[in-house]
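A closer look at the structure
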Amino acid sequence: MGKLILGMNVSIDGYVDDLAGNLVMSAPSQKHFEYWIETIRNHAGAVYGRRMYEVMRYWDDDRAEWDASLRQFATLWRKLPKWVVSRTLSRVGPNATLISGDIETQIREIAARTEGILSVSGPELAGLMTGLGLIEEYHLHVRPFVLGKGKPFFHEARPPLQLVSSTLIDDDTVHMIYVPRG
C-alpha cells in the first residue's frame, strides 16, 4: 500500500511561495538538490495539484544549459507516475493521469494499488488531503527565506503534528518530518 507524504520547500515563516508566485524552491544548493534527487529516486509516484504540476512540467523537456544533476533529476521525474488533481485541466503530459471528481476515493484507490511512497505536492491539494486524513507524513524542507506573505505550506489545514526527525541538509536547509498526532 502506498504511503502519502507531503514534501515541499518552505520558508522559515511557513510559506511555499510569495504573493507573486515565486517558489521557495528557487536556487537550492547543489547538496540540497542532490537530496531531492535521492528522494524522488525512492518514490513510487507523485500526486500534484494543478499549479504545482504546471511548475514541475519544466522537467519534461531537456535544456542545453542543464548540468548532469539537472538531467538526472529530469530523467527520474519523467519516469515517475504522476496523478494531477485539477478541475480545470482537460489533459496532462507524459506519464501523468488527470484526477477530478471524487478525489478522496481516487487517491485512496491509487494508494491501495501502489507499493511505496507517493509524494504529494501543492499547498491547496495538501490542505484538501490533510482535511481528508490522507497525509501520513509531512516533510518540510525549511529554507532560509522570510516571505512575510504568500501561499502557506498548510493551506487551510491545521493538523496537530509530532516531530519525528530533523536533518541538516546543507548550511541553510533543514529537513523536518512530522506525523499526525493520535
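Residues numbered from 1 in each chain as written. Predicted model: local features only at pLDDT ≥ 70, side-chain atom pairs only at ≥ 80, totals over all residues. Heavy atoms only, no water.

1. Quick look at the overall build of the protein
If you tally the helices and strands in the protein, you get five helices and ten strands. Computed over C-alpha atoms, the radius of gyration of the protein comes to 16 Å, within 12% of the 16 Å expected from 2.2 N^0.38 for 182 residues, which places it in the range of a compact globule. Viewed in the frame of its principal axes, the protein has a C-alpha envelope of about 40 × 40 × 30 Å. Counting every position in the protein, which comprises 182 residues, the buried fraction comes to 46%. In the protein, once contacts between residues fewer than 6 apart in sequence are set aside, the share between residues at least 24 apart is 70%. Summed over all atoms, the accessible surface of the protein reaches about 9500 Å², with 52% contributed by carbon and sulfur. Between the averaged position of the 20 positive side-chain charges in the protein and that of its 22 negative side-chain charges there is a distance of 3 Å. (Helix = DSSP H or I, 4+ residues; strand = E, 2+ residues; numbered from the N terminus. Rg over C-alpha atoms; globule rule 2.2 N^0.38 Å. Buried < 20%, exposed > 50% of the residue type's maximum accessible area, 1.4 Å probe, protein only. Contact = heavy atoms within 4.5 Å. Areas by Shrake-Rupley, 256 points an atom, 1.4 Å probe, with all protein chains shown as cover. Lys, Arg positive; Asp, Glu negative; His and termini not counted. Charge placed at Lys NZ, Arg CZ, Asp CG, Glu CD.)

2. Comments concerning unusual backbone geometry
Even without being a glycine, N95 presents a positive backbone phi close to 60°. The exposure class of N95 is partly exposed, given its relative accessible area of 37%.

3. Quick word on the confidence of the model for the protein
Of all residues in the protein, 95% attain a pLDDT of 70 or more, and the chain-wide mean is 91. For the protein, per-element mean pLDDT is lowest for strand 2 (residues 15–17), which scores 83, and highest for strand 4 (residues 82–85), which scores 98. (pLDDT = per-residue confidence, 0-100.)

4. Let's talk about the sheet that holds strand 3 (residues 43–49)
The sheet built from eight strands is open, its strands ordered 5-4-3-6-1-7-10-9 with mixed pairing. With partners counted over all chains shown, the strands left at the sheet margins are strand 5 (96–99) and strand 9 (161–168), one partner each. If you compare each strand with its neighbour and ignore which way they point, the axes differ by 25° on average. (Pairing = 2+ DSSP bridges. Axes fitted to C-alpha atoms, helices over the stretch in contact; angles between N-to-C directions.)

5. Observations regarding the pattern of salt bridges
Counted under the stated rule, the structure contains eight salt bridges. Between K3 and E137 there is a salt bridge; the shortest N-O distance is 2.7 Å. Here the residue K3 occupies a position in strand 1 (residues 2–11), and E137 occupies one in strand 7 (residues 137–143), the gap between them amounting to 134 residues. Classification of K3 as partly exposed rests on a relative accessible area of 31%. Owing to a relative accessible area of 14%, E137 belongs among the buried residues under this scheme. A salt bridge links E124 to R51; its shortest N-O distance comes to 3.0 Å. In this pair, E124 is assigned in helix 5 (residues 123–131) and R51 in helix 2 (residues 50–56), connecting sequence segments 73 residues apart. (Salt bridge = Lys/Arg side-chain N within 4 Å of Asp/Glu carboxyl O.)

6. Quick look at the pairing of strand 4
The side-chain alternation of strand 4 yields two buried faces, one formed by K82 and V84 and the other by W83 and V85. The pairing of strand 3 with strand 4 spans four bridges and is parallel. Across the sheet, the residue bridging to Y48 is V84, located in strand 4. Sheet topology note: the strand 4/strand 5 ladder contains four bridges and is parallel.

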